[in-house]
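Below are the chains, spelled out letter by letter.
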Amino acid sequence: MPIPMEYHHATDEFEAFMKDLLAISLLKTRHQGYTMLQAVLQVFRRRLSLEQAIAFANLLPAVLRAIFVSDWDIREPVRPFLDREAMMDEVRALRHNHNFSTPSAIEDVTSAIRHHVDARRLEIFLSSLPPGACAFWGLPD
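In what follows, the accompanying structure is described. (Residues numbered from 1 in each chain as written. Predicted model: local features only at pLDDT ≥ 70, side-chain atom pairs only at ≥ 80, totals over all residues. Heavy atoms only, no water.)

**Let's talk about the packing of helix H3 (residues 30-45) against helix H5 (residues 62-69)**
Contact geometry for H3 and H5: axes closest at 9 Å, N-to-C directions at 65 degrees. In this structure, the crossing between H3 and H5 has a hand that is right-handed. Mapping the contact onto sequence places Tyr-34, Leu-37, Gln-38, Leu-41, Phe-44 and Arg-45 in H3 and Leu-64, Ile-67, Phe-68 and Val-69 in H5. In terms of residue class, the contact of H3 with H5 is made up of 8 nonpolar, 1 polar and 1 charged. (Axes fitted to C-alpha atoms, helices over the stretch in contact; angles between N-to-C directions. Helix = DSSP H or I, 4+ residues; strand = E, 2+ residues; numbered from the N terminus. Left-handed = near helix turned anticlockwise from the far one by under 90°. Contact = heavy atoms within 4.5 Å. Nonpolar A, V, L, I, M, F, W, Y, C, P; charged D, E, K, R; others polar.)

**Here's the deal with the environment of Glu-13**
Looking at the secondary structure, you find Glu-13 in helix H2 (residues 10-25). Exposure remark for Glu-13: the relative accessible area of 34% places this residue in the partly exposed category. Taking the C-alpha atoms as reference points, Glu-13 and Leu-64, separated by 51 residues in sequence, lie 9.5 Å from one another. Excluding residues within four positions of it along the chain, Glu-13 makes contact with Glu-6 and Pro-61. (Buried < 20%, exposed > 50% of the residue type's maximum accessible area, 1.4 Å probe, protein only.)

**Re the pattern of salt bridges**
This structure, assessed with the given rule, holds 12 salt bridges. Salt-bridge contacts for Glu-85 lead to Arg-92; the nearest nitrogen and oxygen are separated by 3.3 Å. Judged by relative accessible area, which is 45%, Glu-85 ranks as partly exposed. Connected through salt bridges with shared partners, the residues Arg-46, Arg-47, Glu-76, Arg-79 and Glu-90 form a single ionic network. (Salt bridge = Lys/Arg side-chain N within 4 Å of Asp/Glu carboxyl O.)

So, in structure tokens, the structure goes:
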């Protein structure tokens, strides 16, 4: 079997994603964008069961999927969705001395991701999650 295209073109797809993320967020460097991306994905991941997280990861392009599951302590208890400011505090906590996440980091990252996934599959998945999941992604609950 040939290498699946999603893996063959993973770097190109990630470069396109990062370009979109930097344009949306107005951050200056890929390092800043990466930290913000990783933080937002971790905040979302903390609110999913293992089964839900794997289902979500399967919606993502290959490199985003890898970032989503990296450094994951699967024994960490599932957290509830909180108000936006509380979750932004979590975003800012990742590498806090080097975190330049925008005040709209969650919106910036989720907007960029929505441009790079199957929007309908994402919406169907999010509708199966607890209240707050759709709002996290800027969609009505």
